[in-house]
Amino acid sequence: MPKNNNKKKNIAIGAGVAVAALLLGAASYSATRPDEPSSVTAKEESPADVSADPQAGVYPELAKLARRDAKDPLAQGRANAPVVLIEYADFKCGYCGKFARDTEPDLVKKYVDEGTLRIEWRNFPIFGADSESAARGAWAAGQQGRFWQFHEAAYAEGSKEKGFGGDRLKALAKEAGVKDIGRFSDDAGSAGAKAAVKRDQEEAYGLGATSTPSFLVNGRPISGAQPDEVFHQAIEQAAKTAKTAKSSGSGEK
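1. Re the overall build of the protein
Within the protein, the secondary structure is distributed over nine helices and seven strands. Of the contacts formed within the protein by residues at least 6 apart in sequence, a portion of 80% connects residues at least 24 apart. Entry remark: accessible area of the protein is about 12300 Å², with carbon and sulfur atoms responsible for 51%.

2. What about the side chain of Glu132?
Structurally, Glu132 can be placed in helix H4 (residues 129-142). Judged by its relative accessible area of 18%, Glu132 is buried.

3. A closer look at the pattern of salt bridges
All chains considered together, the criterion is met by eleven salt bridges. For the salt bridge of Asp130 with Lys92, the shortest nitrogen-to-oxygen distance reads 3.6 Å. Separated by 38 residues along the polypeptide, Asp130 in helix H4 and Lys92 in the loop between strand E3 (83-89) and helix H3 (94-112) bring together distant segments of the chain. We note a salt bridge from Glu161 to Lys160, for which the minimum N-O separation is 3.7 Å.

4. Focus: the packing of aromatic side chains
Tallied over the full model, the rule gives eleven aromatic pairs. Considering the side-chain rings of Phe91 and Trp121, the 5.1 Å spacing of their centres and the 35 degrees angle between planes classify their relative orientation as tilted. Of this pair, Phe91 sits in the loop between E3 and H3 while Trp121 is found in strand E4 (residues 117-123), placing the two residues 30 residues apart along the sequence. Taken as a pair, Phe91 and Trp121 share a single burial class, namely buried. Measuring from centroid to centroid gives 5.6 Å for Trp121 and Phe147, while their planes differ by 50 degrees, and the two rings are tilted. Pair noted here: Trp121 is in strand E4 and Phe147 is in helix H5 (residues 147-154), with a separation of 26 residues, a long-range link. Each residue in the set Phe91, Trp121, Phe147, Trp148, Phe150, Tyr155 and Phe184 is aromatic and connected to the rest through ring pairs, giving one cluster.

5. Points about the nonpolar core
Phe91, Leu117 and Phe150 are the most contacted members of the largest nonpolar core, which totals 44 residues. Tallying contributions element by element places H3 first for this core, with seven residues. Filtering out sequence-adjacent residues up to four positions away, Leu117 remains in contact with Gln76, Gly77, Ala81, Val83, Val84, Leu85, Leu107, Tyr111, Val112 and Ile235. Of all hydrophobic cores here, the second largest spans 13 residues; its members include Ala66, Phe124, Tyr205 and Leu207.

6. Considerations on the sheet that holds strand E2 (residues 75-76)
Reading across the sheet, the five strands line up as E2-E4-E3-E6-E7 and stay open at both edges, with mixed pairing between neighbours. The sheet is open, and its two edges are formed by E2 and strand E7 (220-223), each paired on a single side. Strand direction decides the pairing type here: E3 and strand E6 (residues 214-217), joined by four bridges, are antiparallel. From the neighbouring strand, Glu87 faces E6, where its bridge partner is Phe215. Across the sheet, H3 lies against E2, E3, E4 and E6, angled at about 155 degrees from E4, the strand it touches most. Each of E2 and E4 is contacted by H5, which is oriented at about 65 degrees to E4, the strand it contacts most.

7. Side note on H3
Approximately 45 degrees is the largest bend angle found in H3, and it occurs at Thr103, with the proline Pro105 only one to four residues beyond. Among the residues of H3, those classed as buried are Cys96, Gly97, Phe99, Ala100, Thr103, Glu104, Leu107, Val108, Tyr111 and Val112.

8. Observations regarding unusual backbone geometry
The step from Thr212 to Pro213 runs through a cis peptide bond, and the omega angle for that step is -5 degrees. Tracing the backbone through its elements, the reader meets Pro213 in the loop between strand E5 (211-212) and E6. Despite not being glycine, Arg68 has its phi angle at roughly 50 degrees, a positive value. Inspection of the secondary structure assignment puts Arg68 in the loop between helix H2 (60-63) and E2. With relative accessibility at 33%, the residue Arg68 sits in the partly exposed group. Here the phi dihedral of Asn218 falls at roughly 50 degrees; this positive angle occurs in a residue that is not glycine. Within the fold, Asn218 resides in the loop between E6 and E7. With relative accessibility at 18%, the residue Asn218 sits in the buried group.

Reading guide: rules and limits
Residues numbered from 1 in each chain as written. Predicted model: local features only at pLDDT ≥ 70, side-chain atom pairs only at ≥ 80, totals over all residues. Heavy atoms only, no water. Helix = DSSP H or I, 4+ residues; strand = E, 2+ residues; numbered from the N terminus. Contact = heavy atoms within 4.5 Å. Areas by Shrake-Rupley, 256 points an atom, 1.4 Å probe, with all protein chains shown as cover. Buried < 20%, exposed > 50% of the residue type's maximum accessible area, 1.4 Å probe, protein only. Salt bridge = Lys/Arg side-chain N within 4 Å of Asp/Glu carboxyl O. Phe/Tyr/Trp six-rings, centres within 6.5 Å; stacked < 30°, edge-to-face > 60°. Core = buried A, V, L, I, M, F, W, Y, C linked by side-chain atoms within 4.5 Å. Pairing = 2+ DSSP bridges. Axes fitted to C-alpha atoms, helices over the stretch in contact; angles between N-to-C directions. Bend = angle between axes of the 7 residues up to and from the residue.

Everything listed here is a matter of coordinates, which is why it stays silent on function.
In structure tokens form, the structure reads like this:
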């Protein structure tokens with residue numbers, strides 16, 4: 001029975017995948033996903049490469065990818081916030097770092113803190129072993145409630161150039177305020193970390209994404225570290241749509 005439910009969900013999402021693949025800069029992605037991330041033509045998506053018109057279509061099937069798990073340590077903002085921004089990113093990606101440093105803090109201050117926006121992170125390591133290690137380390141930091149602090153440390157200027165080997169991950173964990181470094185190391189190397197990262201990767205691959213960063217804002221695909229205004233407009237339009245839908249729903253009763 002659960003298998004049938006999963007199949008139905010995949011079919012429901014499928015209607016929006018072709019459009020998402022185009023808008024996420026991955027039109028060449030084939031239905032047979034490579035077994036290894038290294039066999040994908042991975043790239044960092046720059047603003048100049050992408051059209052991210054905030055008036056572009058919203059796909060309800062893609063909006064359903066928001067998990068809205070109140071206990072998710074890799075998310076911030078109210079679980080029932082009207083707008084959910086899902087980010088698929090890699091800690092080795094320069095444009096992901098640009099978004100993390102230049103755009104995301106403003107989004108948190110402007111929309112997350114006042115309850116409009118929820119940000120859900122998805123680990124999408126596509127630049128090899130170092131990316132995978134960083135993703136697992138980030139997940140491990142999250143198990144002690146320090147994911148976003150680890151995220152900030154890993155995306156600091158010059159951080160990715162130092163690599164994400166074992167000792168470096170421990171240093172980042174200490175910088176992030178992770179209390180139990182021994183547990184952190186165990187968690188980072190665990191089957192749980194591997195499964196969690198794989199789950200996020202599978203979700204991104206299922207959308208046809210081969211570049212980072214890639215985003216969904218209530219089902220609207222946006223690719224690349226776009227100017228702040230692109231995100232502001234997409235979030236505000238999504239919030240307005242959600243408010244209208246809520247009013248219409250309560251008015252029917």
